[in-house]
Amino acid sequence: MYKSRRSQQWEWMLGVCVTSAVWGESQRESATHGRIKAAIDAVPEIDTHDHLWPFDRLPGLVETQRGKGMNLAGIWRSSYFAGVHRLTPWIPGSPFSAWWDKAKHDFDNARATSVYRYQLPAFADLYSVDFDHLTDQQARDLDDRIFAHYRNKSWTYHVITERANIELMFNDPYWGRLDFKTDYPFGVLVFNVTTLVAGFHPSEFKQASDDPYHFARNQGLKVESLDDYLVVLDRLFQQARAAGAVCLKTTLAYQRTLRFENVPRESASRAFGRPRSGLTTSEIKNFEDFIMWRLVELSARYDLPFQIHTGHGRIQGSNPMTLVDLIEANPRTKFILFHGGFPWVGETGIILMRLPSQVWLDSVWMPTLSYATAKRAFHEWLDVMPSDRIMWGGDGNHAEGI
Ligand SMILES: [Zn+2]
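In this report, the structure presented in the accompanying data block is examined. Source: prediction; values computed, not measured. (Residues numbered from 1 in each chain as written. Predicted model: local features only at pLDDT ≥ 70, side-chain atom pairs only at ≥ 80, totals over all residues. Heavy atoms only, no water.)

This next bit is on the overall build of the protein chain. Looking only at helices and strands, the protein chain features 18 helices and 10 strands. Rg of the C-alpha trace for the protein chain: 23 Å, near the compact-globule value of 21 Å for 402 residues, within the 12% margin. Relative to its 402 residues, the protein chain shows a buried fraction of 55%. Excluding contacts between residues fewer than 6 apart, the proportion of contacts in the protein chain whose partners are at least 24 apart in sequence is 73%. When the accessible surface of the protein chain is split by element, carbon and sulfur atoms take 53% of a total near 17,500 Å². The average position of the 44 basic charges and that of the 47 acidic charges among the side chains of the protein chain differ by 2 Å. (Helix = DSSP H or I, 4+ residues; strand = E, 2+ residues; numbered from the N terminus. Rg over C-alpha atoms; globule rule 2.2 N^0.38 Å. Buried < 20%, exposed > 50% of the residue type's maximum accessible area, 1.4 Å probe, protein only. Contact = heavy atoms within 4.5 Å. Areas by Shrake-Rupley, 256 points an atom, 1.4 Å probe, with all protein chains shown as cover. Lys, Arg positive; Asp, Glu negative; His and termini not counted. Charge placed at Lys NZ, Arg CZ, Asp CG, Glu CD.)

The following block contains the structure:
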């Protein structure tokens, strides 16, 4: 039996409510289950995090014999499966069978993983196929239908707004962080501040859409001192708010520890204006830490809650516990701990319990990485906090993944 992603999610909830240890097919077929599921499916969703690129730049697009478009290889290539498992690469312009003859075996030892299973409900619900037992003919048909669907963006709209019943999607535009643009009518702008901590020197920024110095030039602002740079940050927040941004996002956990010390201004000031090659590792960290504290203050001043990637990333320093001093010292900022801190889900639970007015948990991406951990997390969290402290997002790159 194949179930939608939403029905899988709500089975966790139902599992919490129904104390019976036996939660089998019979209950899923029951009238009560059907009634609850129908009621839940009818609720429009606010999806707090995705990466839905502009339609003509979707990461899954490939060159096929029919031209550029999305196909089955593209769907898997831009999925989380490809980050954990080998996936036969798509050779531009090759026939589908050349890829599928090899790729179909890539899944053999991974059928239990969540990074494989998370897309199966999309294949079942949207294409009526059982990907676990796909024949070569079915695979070819599926590939044809995916390609046809992506000839225009109405498929994406249909899946997201009608099938998934997503009303609003917070979209993290990491491909153009400071462009302040949304590409979809259901999209909500997120201000991604990840790169701003590196503002000690213009050489840190490789593309204009990430570059606060480029922004400053366009705004007629000089950036000759740390104080000037802080004025630029403030102006960026004004622009983001004016463009409709509703929150901040940082993914620094991929690059460095989440321990941000409260560094004195003089220390950051000394690093300003010097290229990376002229700074020590600790001078760079001090500058980043100083700016992070300013971003946290600006978050409160502009009422833009701060989505922070925690857990799975650079795992040496991404345990959400490393953020507690920063959170505690900034009681006016709203902190949203992303990915539930996976795998440190008990830690995020106690952080919220201890700092209930400042912290929210976002379970985004967690069920994709580990369904088992997500299920455990929901049991633990609902045991220690009200349900309105927990959020959800898709973290996908294409409609099927979302
Ligand atoms: Zn994400």
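What follows concerns the environment of glutamate 380. Among the secondary structure elements, glutamate 380 is positioned in helix H18 (residues 371-384). As a C-alpha pair, glutamate 380 and glycine 346 span 34 residues in sequence and 7.0 Å in three-dimensional space. Dropping the residues within four chain positions of it, glutamate 380 is found in contact with Val345 and Gly346.

It is worth spelling out the coordination of the zinc ion at this point. In an ideal tetrahedron of four donors about a metal, each angle is 109.5 degrees. In an ideal octahedron of six donors, the angles are 90 or 180 degrees. Taken together, His49 (NE2), His51 (NE2) and Asp395 (OD) make up the full set of protein donors to the zinc ion, lying 2.0 to 2.2 Å away. Expressed as a motif, the donor residue spacing for the zinc ion is H-x1-H-x343-D. Highlighted residues: histidine 49 in strand S1 (residues 45-50) and aspartate 395 in the segment after strand S10 (390-391), separated in sequence by 346 residues. The same class applies to histidine 49 as to aspartate 395, namely buried. (Donors = N, O, S within 2.8 Å, 3.2 Å for Na, K, Ca; no water.)

To continue, consider a nonpolar patch on the surface. On the surface, a cluster of nonpolar side chains totalling about 320 Å² of accessible area is made up of Met321, Ile350, Met353 and Val384. Take methionine 353: it is sitting in helix H16 (residues 345-354). Residue classification places methionine 353 among the partly exposed positions, given a relative accessible area of 45%. (Patch = residues over 30% accessible without salt bridge, like charges linked within 9 Å, V, L, I, M, F, W, Y side chains within 5 Å. Salt bridge = Lys/Arg side-chain N within 4 Å of Asp/Glu carboxyl O.)

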